[in-house]
Amino acid sequence: MTPLRRIHPETWRRAALLTLLALAAALPLCAQDAPKAKKTPKPSALFATDSLLTFTLVTDFQGLAGQRDTMKHKAFPGVVRIAGAQGERSIPVEVYTRGHYRLRSDRCSFPPLRLVFGKGTKDTPFDDQKALKLITHCRDNSDDYQDYVLREFLAYRAHALVTPASFRARLARVRYVRSRDTTKVLERYGFLLESERELARRMGGRLLEAKNARYGDIAPDSAVTLSMWQYFLGNTDWSLSALHNVRLVQREQDVFAVPYDFDFSGFVGASYAIPDPMLPIKSVTERLWRGPCPTREAIAAATAPFLAQRAAIEAVPRSLPGVENGWAERAQRYIRQFYDDVRDPGRFASFARSVRPGCPLSN
């Protein structure tokens, strides 16, 4: 069994101090009125299949490239062209830049995008869609960055195997055409992410925007499942209290945490991904438990879907033919290390408590 990494107590005390201060100021979420239970709606056409989606996006990419303000996003008119039941369709869209880290021009020459759809989506894969995030390749002249898109898409595919409280993703081959010069065409892989509106509707609940959430504010199984998923992925780029790369969905009296944005994880292994210097790890491939104080029973419950889907999860890195073979092999080893770590729920619970100050010493 792979030994679990131990963290020096002094290092953890420094890292934990800021977390404890933030949690001390947290406000409970339970005062909000619970929505009435709803029937689970039928999945949208866009995310009802895993087949590769192909479409063309025409807009002012030169103008978009100059929009790097993370707080103000200017809309650029554009058109999505896609095959429909009656031939090619043209759907008017508004295109926005989005994001924070990848929006900086020194990091990504091609920014991440948001598509807001106008009329004309009926009888196309975008039927009933209002706005969607498009995860892009970041740099035009780098095969590595194209591969990072595929790796992150596979992370979403693995997450869907573990829990239905996950954002659905649809892989796409996109032709980017400049509206100022339609002879300039770029074709790359990207993927579309299920909207928060559709996620909440599918889960039969509603989105909560309140920050300062504590682990005690969300359903206990959701808290440990969220943390176990991030541990599995080797992802520390998230915060429940700040709603950083996490969304909350309230269903009746329970609140569920749904994570997204996995490019800084050890699973993806992007060259630019580094952990926060306040954390006691040197590389994103070092797994770190950042969840609540878990019991043996909670760990067993959280790992149950991972164990039930182990064969399918281990097959995920090789489920896309375009993924680089060296990474797929490394990713499968990384997955097997996770299963070694959590093989004994009691041992893992003891480890997790040891890196969370103030946790009880017994189950």
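The rules behind these values
Residues numbered from 1 in each chain as written. Predicted model: local features only at pLDDT ≥ 70, side-chain atom pairs only at ≥ 80, totals over all residues. Heavy atoms only, no water. Helix = DSSP H or I, 4+ residues; strand = E, 2+ residues; numbered from the N terminus. Buried < 20%, exposed > 50% of the residue type's maximum accessible area, 1.4 Å probe, protein only. 1 Å grid on protein atoms, 1.4 Å probe; cavity = no way out; pocket = protein on both sides within 12 Å on 5 of 7 lines; lining within 4 Å. Points joined across faces, edges and corners; volume = space filled by probe spheres on them. Nonpolar A, V, L, I, M, F, W, Y, C, P; charged D, E, K, R; others polar. Core = buried A, V, L, I, M, F, W, Y, C linked by side-chain atoms within 4.5 Å. pLDDT = per-residue confidence, 0-100. Contact = heavy atoms within 4.5 Å. Pairing = 2+ DSSP bridges. Axes fitted to C-alpha atoms, helices over the stretch in contact; angles between N-to-C directions. Polar contact = N/O pair within 3.5 Å; in protein donor to acceptor, adjacent residues only side chain to side chain. Expected span 1.5 Å × (residues − 1).

**Description of unusual backbone geometry**
If you check the backbone angles, Cys138 has positive phi at about 75° while not being a glycine. Relative to the helices and strands, Cys138 resides in the loop between strand 5 (131-135) and helix 3 (143-162). For Cys138, a relative accessible area of 4% corresponds to the buried category.

**A short note on the layout of surface pockets**
Where empty space is left in the structure can be found by rolling a water-sized probe over the atoms. Empty space within the largest pocket amounts to approximately 810 Å³. In this structure, the largest pocket is lined by 30 residues; those nearest its centre are Gly99, His100, Asn245, Tyr260 and Asp261. Looking at the lining of the largest pocket, the elements that each hand over two or more residues are strand 5 and helix 3. Taken together, the residues that form the lining of the largest pocket break down as eleven nonpolar, seven polar and twelve charged.

**Thoughts on the nonpolar core**
One finds Phe191, Met228, Phe267, Trp289, Phe306 and Phe348 to be the most contacted residues of the largest nonpolar core, which totals 62 residues. Of the residues forming this core, the biggest block, ten residues, is contributed by helix 3. Leu46, Phe61, Val80 and Leu192 belong to the second largest nonpolar core, which has 25 residues in total.

**Description of empty space enclosed by the protein**
Under the counting rule described, the total for this entry stands at two cavities of 30 Å³ or more. Of the voids in this model, the largest cavity is the one considered here, and its volume is about 70 Å³. Lining the largest cavity are Arg102, Thr136, His137, Cys138, Tyr145, Tyr148, Val149, Glu152, Asp263 and Tyr272. A class-by-class count of the residues in the lining of the largest cavity yields five nonpolar, two polar and three charged. By volume, the second largest cavity is sized at about 30 Å³. Lining of the second largest cavity is provided by Arg98, Arg102, Cys108, Phe110, Pro112, Thr136 and Cys138. Its residues assigned to classes, the lining of the second largest cavity shows four nonpolar, one polar and two charged.

**Description of the confidence of the model for the chain**
In this model, the chain carries an average pLDDT of 88, and 87% of its residues clear a pLDDT of 70 or more. Across residues 6-27 the pLDDT falls below 50, and counting only partners more than four positions away or on other chains, this stretch makes 26 contacts in the model.

**Quick word on the sheet that holds strand 3 (residues 87-97)**
Ordered by their spatial adjacency, seven strands build a closed barrel running 1-2-3-4-5-7-6, and the pairing between neighbours is mixed. Direction aside, the axes of adjacent strands within the sheet are offset by 40° on average. As paired strands, strand 1 (residues 53-59) and strand 6 (residues 169-178) are joined by seven bridges and run parallel to one another. Looking at strand 6, one finds that Leu53 is bridged to Ala172. Each of strand 5, strand 6 and strand 7 (185-193) is contacted by helix 3, which is oriented at about 20° to strand 7, the strand it contacts most.

**Considering helix 9 (residues 345-354)**
Looking at helix 9, one finds that the buried residues are Gly346, Phe348, Ala349, Phe351, Ala352 and Arg353. Buried residues in helix 9 make contact with helix 5 (220-233), helix 6 (296-308) and helix 8 (325-341). A distance of 3.0 Å separates the backbone nitrogen of Gly346 from a side-chain oxygen at the start of helix 9, and that oxygen is part of Asp344.

**Brief notes about the pairing of strand 9 (residues 246-251)**
Along strand 9, five of the six residues are buried, which leaves the element largely enclosed by surrounding structure. Examined bridge by bridge, strand 8 (residues 206-208) and strand 9 share three bridges and lie antiparallel to one another. Bridging from a neighbouring strand, Leu208 pairs with Leu248 of strand 9. When strand 9 meets strand 10 (residues 254-259), the two strands line up antiparallel, connected through six bridges. By the bridge assignment for strand 10, Val249 is matched with Phe256. Connecting strand 9 to the next strand, strand 10, in antiparallel fashion are two residues, including Glu252 with a positive phi near 55°.

**Some details on helix 3**
Taking 1.5 Å per residue, 20 residues should reach 28 Å; helix 3 reaches 30 Å between its end C-alpha atoms and fits that length. A side-chain oxygen of the first residue of helix 3 lies 3.3 Å from the backbone nitrogen of Asp144; this N-cap is Ser142.

**Section: the environment of Phe110**
Within the secondary structure, Phe110 sits in the loop between strand 3 and strand 4 (113-117). On the basis of relative accessibility, which here comes to 7%, the residue Phe110 falls in the buried class. Remark: the alpha-carbon pair of Phe110 and Thr136, spanning 26 residues in sequence, is separated by 7.4 Å.

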